[in-house]
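Here is how the chains run, residue by residue.
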Amino acid sequence: MAKRVKQLPQDRGFVLFDAIFEDGSRASNRRVPMEILGGLDGDDPARRLIEQQEAEIAQKAGRPPRAIQSLVRAAKPEPKPVRD
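Now for a look at the structure at hand. Being a predicted model, the structure only gives us computed values, none of them experimental. (Residues numbered from 1 in each chain as written. Predicted model: local features only at pLDDT ≥ 70, side-chain atom pairs only at ≥ 80, totals over all residues. Heavy atoms only, no water.)

## Comments concerning helix α1 (residues 44–61)
1) Next: Its 18 residues place the ends of α1 26 Å apart at the C-alpha level, agreeing with the 26 Å of an ideal helix rising 1.5 Å per residue.
2) Next: Along α1, the positions that sit buried rather than exposed are P45, A46, I50, E54 and A58.
3) Next: Lining the buried residues of α1 we find β1 (14–21), β2 (26–33) and β3 (68–73).
4) Next: In the segment just after α1, G62 is the residue with positive phi, at about 75°. (Helix = DSSP H or I, 4+ residues; strand = E, 2+ residues; numbered from the N terminus. Expected span 1.5 Å × (residues − 1). Buried < 20%, exposed > 50% of the residue type's maximum accessible area, 1.4 Å probe, protein only. Contact = heavy atoms within 4.5 Å.)

Structure (structure tokens):
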């Protein structure tokens, strides 16, 4: 029986970001498509996309959106050892 091998988000065309909000809370592993990153803007398009995601989430939850204090690329996960 073949084992299912999960692809990393980077292999699927996404970059993961950790957002730290002004209230001290944190949202880990927010996915941003690689196509919108790079160039002269750097990671600014990711901030705008995550702010839009946060506004949609807040609207559905019936609360005001949180302001992002900082945005950092998430660390690449360590590969898991292969079991025999």
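## Side note on the packing of aromatic side chains
1) Next: In total, this model carries zero aromatic pairs according to the counting rule given.
2) Next: In this arrangement the basic side chain of R31 is found over the ring face of F14, its NZ or CZ atom lying 5.8 Å from the centre.
3) Next: In this structure, R66 packs its charged tip against the face of F21, placed 3.9 Å from the ring centre. (Phe/Tyr/Trp six-rings, centres within 6.5 Å; stacked < 30°, edge-to-face > 60°. Lys NZ or Arg CZ within 6 Å of the ring centre and 35° of its normal.)

## Structural notes on the pattern of salt bridges
1) Next: On inspection of all chains with the given rule, the structure shows five salt bridges.
2) Next: Note that E54 and R63 form a salt bridge whose closest N and O atoms lie 3.1 Å from each other.
3) Next: Exposure remark for E54: the relative accessible area of 1% places this residue in the buried category.
4) Next: A cluster of three or more residues bridged by salt bridges with shared partners is formed by R30, E54, R63 and R66. (Salt bridge = Lys/Arg side-chain N within 4 Å of Asp/Glu carboxyl O.)

## Thoughts on the nonpolar core
1) Next: V15, F17, A19, F21, A27, V32, L37, A46, I50, I68 and L71 form the largest nonpolar core, which has eleven residues in total.
2) Next: With four residues, β1 is the single largest residue contributor to this core.
3) Next: Excluding residues within four positions of it along the chain, I68 makes contact with I20, F21, E22, R47, I50 and E51. (Core = buried A, V, L, I, M, F, W, Y, C linked by side-chain atoms within 4.5 Å.)

## Some words on the side chain of R30
1) Next: Position of R30 relative to the elements: it lies in strand β2.
2) Next: For R30, a relative accessible area of 13% translates into the label buried.
3) Next: In this structure the side chain of R30 is engaged in a polar contact, spanning 3.2 Å, whose partner is the side chain of E54.
4) Next: The residues contacting R30, other than those within four sequence positions of it, are V15, L16, F17, F21, I50, Q53, E54, I57 and R66. (Polar contact = N/O pair within 3.5 Å; in protein donor to acceptor, adjacent residues only side chain to side chain.)

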